[in-house]
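Fold and contact review
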Amino acid sequence: MRVDSVFVPSFGNRPGRLVGRGEILSNCIAGLKSKPGSKERAVLFLGQRGSGKTVLLLEIADLARKEGYIVASPTVASKGMLSRIVEKIQDEGETFLKNSSKKLTGGSLGAFGFSVGLQFSVTDIDTKSSSYKLTKLCEALNSKGKGILILIDEVQANNADLKELIIAYQELVGKGCDIALIMAGLPAAVSATLNDKVLTFLNRAKKEPLLPLKNGDVDAFYKQSFQKLKMKVPDMIRNQMAESAKGSPYMMQLLGHYTVVYAEGKTDVSKEIFQTAKERAEEEYIQDICQTTLNTLSEVDITFLKAMVEDNEFSKVADIAKRMGVRADYVQIYKRRLLDAGVIEQCGRGVLRYAVPYLRESLLDDHHQEEKELLNAYHTLDQTQKARLMAYMKRLMKK
Ligand SMILES: Nc1ncnc2c1ncn2[C@@H]1O[C@H](COP(=O)(O)OP(=O)(O)OP(=O)(O)O)[C@@H](O)[C@H]1O
Ligand SMILES: [Mg+2]
């Protein structure tokens, strides 16, 4: 049995190669090299679930280390995160000091209030705030020519600890410290319906939307990956596979993975193998991404989305209002919320479409549960039974 050593369809699991994010990565590294305090040093990645926020932060961590930064690896925005960030900087800073030829002595660090290395004195450990410790660490490491990069994952604007970090960051920037902050979150995390100090900062940060991957990039990734696995995938099937990913990195990994699984050790990938893999990948994607997205929305939000189902791709706001049986101005509030959450997108005046791949199929699933069960039953038939059934249906249609 062939082991899938290439595709990694699970959250936060780093792929062997990061597809289509070269420009974002080089912009980020260029930003780190810009003047302390410049806007490029406070960056916010916004992307739907499975768009690759976590793995991008991990990649940036590696690149920034190579550029000589002390990096606090991605910390999920949550209670107590500032003290975890302080510990991470201490650990990396200590390693740097140990390996540094210009090793700091306890004496010279004394000026910054450390007892030894980057350890705080016994009194400071208990009495000083995490913001104070972050400031001291930043000053000490900056004085040795080391900049600091803090990475935050799963940003939420209404998080008290994030507020504390942002205040500390702004103070450090005010002092001219060499520090940068790169964050990632769902588009809804900075939705305009929230409003406070954190939101103001997030809104001013440089926003980098994680756009869908290009078909060509996905196709090239498949070509390289299947070659590596010594599997033959006809061009047409590979192109279909790339298209079915619909720009989602997670779906791209799922499709690749299940193609390897359902090939069951065979070298050649047939249309049937791909079809089975696609069905399984789609099911999993709908469950993990679409259903999770829908679970965070209100009932009216979902009614709005369902009102778009019958359009092929583009929906007019006026039609949505009509189908919902409400006035056009009433639907505007929901339209705004769904746009902010990145669930739908505007394509021209008064025209919308789904922004999450397979969301339409997922809503259709709800509508067509019975048909889905019939389809599942159909898949249990063997090839002969399927052929007989199809022939019978054709005869019926002719009558
Ligand atoms: N650029 C990419 N190239 C190849 N694979 C990727 C890329 N980005 C993400 N992936 C893969 O997609 C999956 C999801 O990535 P990740 O966990 O980073 O998404 P996320 O945006 O953080 O999702 P969530 O919002 O649910 O936390 C993983 O299996 C990861 O390996
Ligand atoms: Mg993530």
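Section: the overall build of the chain
Of the regular secondary structure elements, the chain holds 18 helices and 10 strands. Counting only C-alpha atoms, the chain reaches 95 × 60 × 35 Å along its principal axes. Counting the 399 residues in the chain, one finds 37% classified as buried.

Some details on the packing of helix 1 (residues 22-32) against helix 2 (residues 53-66)
Where helix 1 meets helix 2, the closest approach of the two axes is 11 Å, and the angle between their N-to-C directions is 45 degrees. In terms of axis orientation, helix 1 runs oblique to helix 2. The chirality of how helix 1 crosses helix 2 is right-handed. Every residue of helix 2 that contacts helix 1 at Ile-24, Leu-25, Cys-28, Ile-29 and Leu-32 is listed here: Leu-56, Glu-59, Ile-60, Leu-63 and Ala-64. A per-class count over the contact of helix 1 with helix 2 returns 9 nonpolar, no polar and 1 charged.

Describing the packing of helix 3 (residues 81-99) against helix 6 (residues 130-143)
Between helix 3 and helix 6, the shortest axis-to-axis distance is 9 Å and the interhelical angle comes to 25 degrees. Considering the angle they form, helix 3 stands roughly parallel to helix 6. In this structure, helix 3 crosses over helix 6, and the sense of that crossing is left-handed. Listed contacts from helix 6 to Leu-82, Ser-83, Ile-85, Val-86, Ile-89, Gln-90 and Gly-93 of helix 3 are Ser-130, Ser-131, Lys-133, Leu-134, Leu-137 and Leu-141.

Details of the site of ligand 1
Contacts to ligand 1 come from 22 residues, most closely from Val-19, Gly-52, Lys-53, Thr-54 and Pro-249. Split by residue class, the shell around ligand 1 holds 9 nonpolar, 10 polar and 3 charged. Taken together, domain 1 (22-209) and domain 2 (214-293) each give at least three residues to the shell around ligand 1, which thus spans both.

Describing unusual backbone geometry
Of note in the backbone geometry, Glu-154 takes a positive phi value of approximately 55 degrees without being a glycine. As for its placement among the helices and strands, Glu-154 is situated in the loop between strand 5 (148-153) and helix 7 (160-174). Positive phi, close to 65 degrees, is recorded for Tyr-358, a residue that is not glycine. For Tyr-358, the position within the fold is in the loop between strand 10 (351-354) and helix 16 (359-367). Taking the number of C-beta atoms within 10 Å as the measure of exposure, Tyr-358 has 21 and is therefore buried.

With respect to the sheet that holds strand 8 (residues 315-316)
The antiparallel open sheet is built from 3 strands, whose spatial order is 8-10-9. Unpaired on one side and paired on the other, strand 8 and strand 9 (344-346) mark the two borders of the sheet. The sheet contact formed by strand 8 and strand 10 spans 2 bridges and is antiparallel. Paired with Ser-315 across the two strands is Leu-352, which belongs to strand 10.

What about the domain arrangement of the chain?
Under the domain assignment used here, the chain contains domain 1 (22-209), domain 2 (214-293) and domain 3 (296-366). A separation of 37 Å is found between the C-alpha centroids of domain 1 and domain 2. Listed by partner, the interface residues are 4 residues for domain 1 and 6 residues for domain 2. Considering only residue class, the side of domain 1 that touches domain 2 consists of no nonpolar, 3 polar and 1 charged.

What about the sheet that holds strand 1 (residues 42-46)?
Sheets are built from strands that pair by backbone hydrogen bonding, the pairs being arranged parallel or antiparallel. If you walk across this open sheet you meet the 5 strands as 2-5-6-1-7, and the pairing is parallel. Looking at the sheet topology across the chains shown, the edges are occupied by strand 2 (70-76) and strand 7 (206-209). Each neighbouring strand pair of the sheet contributes to a mean axis angle of 15 degrees, computed without reference to strand direction. By the bridge criterion, 5 bridges tie strand 2 to strand 5 in an arrangement that is parallel.

With respect to the confidence of the model for the chain
Interpreting fine coordinate detail is not advised for predicted regions of low pLDDT. Within the chain, residue pLDDT values average 87, and 91% of them lie at 70 or more. pLDDT under 50 marks residues 103-110. Its contacts with residues more than four places away, or in other chains, come to 7 contacts.

Quick notes on the pairing of strand 5
Summarising burial for strand 5: 6 of the 6 residues are buried, a large majority. Burial along strand 5 is two-sided: Ile-148, Ile-150 and Ile-152 and Leu-149, Leu-151 and Asp-153, pointing in opposite directions, are all buried. Where strand 5 lies against strand 6 (residues 179-185), 5 bridges are found, and the strand directions are parallel. Within the sheet, the bridge partner assigned to Ile-152 lies in strand 6 and is Met-183. Tracing the backbone out of strand 5, into helix 7 and back to the parallel element strand 6 gives a crossover that is right-handed.

Cut-off values and rules
Residues numbered from 1 in each chain as written. Chains lettered and ligands numbered in written order. Predicted model: local features only at pLDDT ≥ 70, side-chain atom pairs only at ≥ 80, totals over all residues. Helix = DSSP H or I, 4+ residues; strand = E, 2+ residues; numbered from the N terminus. Buried ≥ 20, exposed ≤ 12 C-beta atoms within 10 Å, placed from the backbone. Axes fitted to C-alpha atoms, helices over the stretch in contact; angles between N-to-C directions. Parallel < 35°, antiparallel > 145°, perpendicular 65-115°, else oblique. Left-handed = near helix turned anticlockwise from the far one by under 90°. Contact = placed C-beta atoms within 7 Å. Nonpolar A, V, L, I, M, F, W, Y, C, P; charged D, E, K, R; others polar. Near = placed C-beta within 6 Å. Domains from an automatic or database assignment. Pairing = 2+ DSSP bridges. pLDDT = per-residue confidence, 0-100. Right-handed = clockwise from strand over helix to strand, strands pointing away.

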